[in-house]
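Summary of structural features
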Amino acid sequence: MKQRILFVCLGNICRSPAAEAILQQMITREGLVEHIVVDSAGTYGGHAGERSDVRMRRAAEARGIEMTHRARQVREEDFGRFDRIIAMDDNNYEALFRLAPDRAAQQKIFRFREYLRHHPDWSYIPDPYYEGHEGFELVLDLLEDGCTQLLDELKA
Ligand code: 4NP
């Protein structure tokens, strides 16, 4: 059975498209493209149609990760199309909770922090938009950590 994962942040130009690209690369490397589908979206639609933030793309590229996503806003239908909807921080989580049409949909919402194994000090993925280069590197470190654990769960 195909498993469908949607990562969600605020703008869908930094954190969630990076998570999508990282997990997609892991899925491709492990030959799981027939089994796992991954996408990303934002709770705010102001960047819809845009490519990811160039600072995020460059930081990812330096780690061999290509980001090709175009931003879009999350919508109610996504609860029907995805099995797990994973929020980067508590604001995203609460916005998703309000959008969820019913209890079954609410139960599909997770926090990315649940998958972190090597970063006990982080309970959310910090918004790097107003940060310097280190902010983007930290986001990638956290996302690589969590995506590794998430993929292990999906394979199990
Ligand atoms: P993201 O970062 O949620 O990781 O994509 C942000 C992108 C844009 C804005 C905020 C955060 N913004 O305010 O436009």
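Anyway, here's the lowdown on the structure attached to this text.

About the criteria used
Residues numbered from 1 in each chain as written. Predicted model: local features only at pLDDT ≥ 70, side-chain atom pairs only at ≥ 80, totals over all residues. Heavy atoms only, no water. Pairing = 2+ DSSP bridges. Helix = DSSP H or I, 4+ residues; strand = E, 2+ residues; numbered from the N terminus. Axes fitted to C-alpha atoms, helices over the stretch in contact; angles between N-to-C directions. Phe/Tyr/Trp six-rings, centres within 6.5 Å; stacked < 30°, edge-to-face > 60°. Lys NZ or Arg CZ within 6 Å of the ring centre and 35° of its normal.

Things to note about the sheet that holds strand S4 (residues 109-111)
- With parallel pairing, four strands are arranged side by side in an open sheet as S2-S1-S3-S4. Two strands close off the open sheet at either side, each with one partner strand: strand S2 (36-42) and S4. Within the sheet, the average angular offset between the axes of one strand and its neighbour, ignoring direction, is 25°.
- Across four bridges, the pairing between strand S1 (residues 3-9) and strand S3 (residues 84-87) is parallel. Bridging from a neighbouring strand, Val8 pairs with Ala87 of S3.

A few points about the packing of aromatic side chains
- All chains considered together, the criterion is met by five aromatic pairs.
- Note on Phe7 and Phe112: the rings are 6.1 Å apart at their centroids and 55° apart in plane angle, and the pair reads as tilted. Here the residue Phe7 occupies a position in strand S1, and Phe112 occupies one in the loop between S4 and helix H6 (133-155), the gap between them amounting to 105 residues.
- Taking 6.0 Å as the distance between ring centres and 25° as the angle between the ring planes, the aromatic pair formed by Tyr93 and Phe97 counts as stacked. Of this pair, Tyr93 and Phe97 both sit in helix H4 (residues 90-99), four residues apart, roughly one helical turn.
- Members of the aromatic cluster, connected to one another through ring pairs, are Phe7, Phe112 and Tyr115.
- Above the plane of the ring of Tyr129 lies Arg55, whose end atom (NZ or CZ) is 5.5 Å from the centre.
- A cation sits over an aromatic face here: Arg84 above Phe110, 5.4 Å from the ring centre.

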